[in-house]
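Listed below, chain by chain, are the residues.
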Amino acid sequence: MSLTEDQKALVTKWIADGASLAEVQKRLAAELSISLTYMDTRFLLDDLNLTVKDAPKKTAVTTDLTNTPPPPVAGLAGAAPGAGGVRVTVDKIVRPGAAISGSVSFSDGQTAEWYMDTTGRLGLIPKTKGYQPKPADVQEFQLALQDEMARMGY
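Values in this document were obtained by computation on a predicted structure and should not be read as measured data.

Rules used throughout
Residues numbered from 1 in each chain as written. Predicted model: local features only at pLDDT ≥ 70, side-chain atom pairs only at ≥ 80, totals over all residues. Heavy atoms only, no water. Helix = DSSP H or I, 4+ residues; strand = E, 2+ residues; numbered from the N terminus. Buried < 20%, exposed > 50% of the residue type's maximum accessible area, 1.4 Å probe, protein only. Polar contact = N/O pair within 3.5 Å; in protein donor to acceptor, adjacent residues only side chain to side chain. Contact = heavy atoms within 4.5 Å. Arc of directions from axis to C-beta. Pairing = 2+ DSSP bridges.

Turning our eyes to something else, we now look at the side chain of Ser101. Tracing the backbone through its elements, the reader meets Ser101 in strand β2 (residues 100–105). Judged by its relative accessible area of 0%, Ser101 falls in the buried class. Reaching out from Ser101, the side chain makes a polar contact with the backbone nitrogen of Arg95 at a distance of 3.0 Å. In this structure Ser101 touches Thr89, Val90, Asp91, Ile93, Val94, Arg95, Trp114 and Tyr115, once residues within four positions along its chain are discounted.

Here we take up helix α3 (residues 38–47). For α3, the set of buried residues is Thr41, Leu44 and Leu45. Here the buried residues of α3 occupy an arc of 95° about the axis, which is enough to place them on one side. Turned more than 90 degrees from where α3 packs its buried face, Asp46 and Asp47 sit exposed. Where α3 is buried, its residues contact α1 (5–16) and α2 (21–32). The positive-phi residue at the C-terminal boundary of α3 is Asn49, with phi of around 55°.

Two strands pair when backbone bridges link them, and strand β1 (residues 87–90) and β2 are joined in this way by four bridges, in the antiparallel orientation. The residue of β2 that forms the bridge with Val88 is Val104. Judged from the six bridges that link them, β2 and strand β3 (residues 111–116) form a sheet pairing that is antiparallel. Considered in β3, the bridge of Val104 is made with Ala112. Linking two consecutive strands that pair antiparallel, namely β2 and β3, is a turn of five residues; a positive phi of about 90° is found at Gly109 within it.

Printed below as a string of structure tokens:
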């Protein structure tokens, strides 16, 4: 595979602008009608003495929620920190079969284990058989869990 000097300059510009290997491969196909495999794209960049800039590494964030009050939940009228009474914790060791898991304490003092499977389905296992949390508690739980998962990078 040989590129013209203009095409080589264009690929060099893409790399200088921070394009990833996959982006270069897609742009070659879309803009220059050159279809290459991922490996062939790597070889092309190597032949042109170009190096893809590494993306910033994500660092693992660990959060200990046992001694930290949950943040106020947006969207609940008059909610002040700790006013709702729903507390969410995330397990350090995930339940088998779950992508993420933890526990929740509702405003009425009842507790439950929660988990989310790899397809995004949320499950709740109450400590008291047959317990159903109030709808407002469920909403507050879902919002607090969403905030915590975003903070953890999910």
